[in-house]
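What follows is the residue order along each chain.
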Amino acid sequence: MPEGICDLQIHVNGLHIFYLNQSTISSFSGKVKNSLISQRKDAPDAATIRELHLDGFPGGPDGFELVSRFCYSDGRICISPINVSLLHCSALFLEMSEEISCCNLLQRTEVFLQGLFYWTWTDILTALRSSEPFISQADSSGLLQKLIDSLLSKICANSDLICSSSSSSSPETPRRSFDVTTKPSFSRAWWFDDLTVLSPYIIEKTTKSMAAYGIDSVTNTKFLIHYLKRALYRQSGSGGGPSLEYGGIAEAVVDGVVQMESRCGFSCRWLLRVLRVVSCFGLSEECRNKIERTIGGLLDQASLDDLLVCTPRGGGGSGIYDVSLVLRLVKVFAGGFGEVSDERMKRVGKLIDKYLMEIAPDSRLKVSKFLAVAECLPSAARDCSDGVYRAIDMYLEAHSGLSSKEQAKLCRALDLGKLSLGACKDLAKNQRFAPRIAIQALSSQQSKVQAQEESDFPASPCSVQFSDRSPALRENVMRASSEEEEFKNKMKNMQWRVVELEKACKEMQSQMSRLMKTKIDSPMHNQYLPKLCSR
């Protein structure tokens, strides 16, 4: 059959059909040649147009077209970093070796790859990126590891260069773009930005090989954090959610941070920022527990802004902020209460009070969650309950529809004995709190004042005349007596209000029962409703 006849149909990945000449293609490809020989044995008719199905071909139809051009050009083709990966993997797939032709594609690509370590930085990155559509074939052939080794060799050869700007650079950039100085502990290496364009699979293989090239674990971990931040930024810009293919890198970051924490002494703020990033990529529960244990032990170093982590996607109905995360961190910190100093515990107590006031106005925050935060610390963590009081007041204001039972649950978290004088006065006038809570607060405050007076002025010295005391001391005694009298009056007024309210309720119930009885006895007789107590 003439060579110009298209007597071969090749289906590539089920996407495209190529009509080619059997002799031309089989003279370069062992796979095509062997398939045609097998078909001729089954169907010896020479006039039959043969069909071949190539599934999983590297690069798909575009890759096969490039190989076809090589065959139809008698083995002539321009090989460059942008197509060498595709040509090499295609040659392996089609068995285009020297056993079939002395001018074979596999040998041509291998010769080109021998100069790999003399390529520029940009050429290596280009070859790596071009391998991503058929990464499994590139990896199994060993080509991917060759490219990664060349990349790491470039990094080591230029390890003294420190990036002095936010723009990406390369070792080919003139030295005026870099500071050749001692590398600061939190500097970003010049290659960080350039590698963020590579796929997670390539990055995972690259970072696993870094130790063999002398790149320390601190630099490795910081690069992975930088890589995840860039990935998160790109995906948020495109409107899509984080991809789970980054999960392996996120877990590698957690392992690296936990291992280095004792040596590097990371701050609680920095660790919480890392947690925010890695949490977006589907951390396993084990990895999450690792980093939360590390952060929890340093919770007294955190600020309010550090704890304001938004609820992850899918946590609908649980509020704006991730309250569960804070509860887990406090549990870790308070779990070592016997080893934590009072000063550190009280710092966390003040921090949690601020956090309570921040989350209280959230209309979606459930009573159980708010109460869990309010009661997550031991009593010794607070010298004063004013912060808890203000937070409960804000919560009641934002959740006006709470039942009396839920309100009572909230007040359970309030230690009335630790309220300041100002907070106690405010509580006595606050209509959002039940009268009995105000009475208990005033009673507790009165007991506290009496106990303070007894400790300051015991019985025996009380017989000393005021004239023998200094004017300042007399003034303090008189002020204390005045405040005590004021609390006694408030207590009497509050008790009187409660008694009057009880009387009014009983009177209303009696009148309502008489009214109902009258209506039953005389259904047609109009009765005036009794005037309710307007007291």
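Residues numbered from 1 in each chain as written. Predicted model: local features only at pLDDT ≥ 70, side-chain atom pairs only at ≥ 80, totals over all residues. Heavy atoms only, no water.

## Description of the layout of surface pockets
Taken as a whole, the second largest pocket spans an internal volume of roughly 330 Å³. For the lining of the second largest pocket, the elements supplying multiple residues, two or more each, are helix H10 (200-209), helix H11 (217-238) and helix H12 (247-264). The biggest single contributor to the lining of the second largest pocket is H12, with 7 residues. (1 Å grid on protein atoms, 1.4 Å probe; cavity = no way out; pocket = protein on both sides within 12 Å on 5 of 7 lines; lining within 4 Å. Points joined across faces, edges and corners; volume = space filled by probe spheres on them. Helix = DSSP H or I, 4+ residues; strand = E, 2+ residues; numbered from the N terminus.)

## A closer look at the pairing of strand S2 (residues 16-20)
By the bridge criterion, 5 bridges tie strand S1 (residues 8-12) to S2 in an arrangement that is antiparallel. Across the sheet, residue His11 finds its bridge partner in S2, namely Ile17. The turn joining S1 and S2, which pair antiparallel and follow one another in sequence, is formed by 3 residues; a positive phi near 55° is taken by Asn13. (Pairing = 2+ DSSP bridges.)

## A short note on the confidence of the model for the protein chain
Looking at the protein chain as a whole, its pLDDT mean stands at 82, while 75% of the residues score no less than 70. Low pLDDT, under 50, characterises residues 174-185; the stretch is placed with 25 contacts to residues that sit more than four places away or in other chains. Contacts for the low-pLDDT stretch residues 459-470, under 50 throughout, to residues beyond four places or in other chains number 9 contacts. (pLDDT = per-residue confidence, 0-100. Contact = heavy atoms within 4.5 Å.)

## Quick notes on the sheet that holds S1
The strand order across the open sheet formed by 3 strands is S2-S1-S3, and the pairing between neighbours is mixed. What marks the edges here is a single partner per strand, and that holds for S2 and strand S3 (50-54). Across the sheet, the mean angle separating the axes of adjacent strands is 20° when strand polarity is ignored. When S1 meets S3, the two strands line up parallel, connected through 5 bridges. Its bridge partner being in S3, Ile10 is matched across the sheet by Leu52. Packed on one face of the sheet, helix H2 (residues 30-42) meets S1 and S3 and runs near 135° to S3. (Axes fitted to C-alpha atoms, helices over the stretch in contact; angles between N-to-C directions.)

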